[in-house]
Amino acid sequence: MTQVSLTDLIAGARAGFLVSFPTDTVPALAAIPEKAALIFAAKQRSQDKPLILMAASAEDLWLYVKGSDSEYKVWQEVADKYWPGGLTLVLPASQHLPKVMNPIDPTTIGIRVPKSAIAQSILAQTGPLATTSANFSGQPPLQTMAEIETLFPQVLTLATTEYQGEMPGMGVPSTVAKWTGRNWQILRQGAIELEISIDNQI
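Residues numbered from 1 in each chain as written. Predicted model: local features only at pLDDT ≥ 70, side-chain atom pairs only at ≥ 80, totals over all residues. Heavy atoms only, no water.

Undergrad: Describe helix α3 (residues 69-82), naming the residues involved and giving the relevant values.
TA: The end-to-end C-alpha distance of α3, which contains 14 residues, comes to 20 Å, matching closely the 20 Å that a straight helix rising 1.5 Å per residue would cover. Every buried residue of α3 is listed here: Glu71, Val74, Trp75, Val78, Ala79 and Tyr82. An end-on view of α3 places all buried positions within 135° of arc, on one side of the element. Along α3, the residues that are exposed and aim more than 90 degrees away from the buried face are Asp69, Lys73, Asp80 and Lys81. (Helix = DSSP H or I, 4+ residues; strand = E, 2+ residues; numbered from the N terminus. Expected span 1.5 Å × (residues − 1). Buried < 20%, exposed > 50% of the residue type's maximum accessible area, 1.4 Å probe, protein only. Arc of directions from axis to C-beta.)

Undergrad: Can you explain the packing of aromatic side chains? Please cite residues and give values.
TA: Following the criterion strictly, the structure yields 6 aromatic pairs and no others. An angle of 85° between the planes, with centres 6.3 Å apart, marks the rings of Trp62 and Tyr72 as edge-to-face. Taken together, the positions of Trp62 in the loop between β4 (52-54) and α3 and Tyr72 in helix α3 put the pair 10 residues apart, joining distant regions of the chain. Among the residues examined, Trp62 registers a relative accessible area of 14% and is labelled buried. Ring centres of Trp179 and Trp184 lie 5.0 Å apart, and the angle between their planes is 65°; on these two criteria the pair is classed as edge-to-face. By way of ring pairs, the aromatic residues Trp62, Tyr72, Trp75, Trp83, Trp179 and Trp184 are connected into one cluster. (Phe/Tyr/Trp six-rings, centres within 6.5 Å; stacked < 30°, edge-to-face > 60°.)

Undergrad: Any details on the sheet that holds β4? Residues and values, ideally.
TA: Strands sit in the order β1-β8-β2-β3-β7-β4-β6-β5-β9-β10 across an open sheet of 10 strands; the sheet is mixed. Strands with a single pairing partner mark the edges of an open sheet, and in this sheet they are β1 (3-4) and β10 (184-188). Sheet analysis places β1 next to strand β8 (residues 156-158), joined by 2 bridges and oriented parallel. When the sheet's bridge partners are listed, Gln3 is paired in β8 with Thr157. Where α3 meets the sheet, it contacts β5 (87-92), β9 (175-179) and β10, and its direction lies at approximately 170° from that of β5. (Pairing = 2+ DSSP bridges. Contact = heavy atoms within 4.5 Å. Axes fitted to C-alpha atoms, helices over the stretch in contact; angles between N-to-C directions.)

Spelled out as structure tokens, the structure:
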């Protein structure tokens, strides 16, 4: 059994172990950013498919991206509107981001704040984590901790008793929008419909 308490999962993540917990979309497979290679290995994931940096708040994520003042203003407006929620923003990465998060193109990073009380509780105590859906690459995302425990016995999964009463994830991955330098390009239509106004362009 690798189902663990919230306290043990947070301690495990901080110690560099792979962990899994529910989010507002699909369950996450996660590790501290410096240990992101563990996720690629566990999922048998191609290095050209970068991971998402997930945190409890937008303020925890801005350190890992870089842009002009006007770009930060646009990004903040979108974050204020859609976070916490099922939107991943792909932005230019700063030097603070470990290259192992996106080995092929370390110049960009996807960031997200989940609308999930249990995920936010974990992330507030671990700091930002490298995340992706819990599944073997190319397979559908697993939806329950029991499925994840079976397929990934080496991963510390959050015991079901720790999040009873939590709203279940919607089962659809996040929408992914990439900043082009002037406006947004939708890379994946997912959990939310992105409404980009003229104000959110440069």
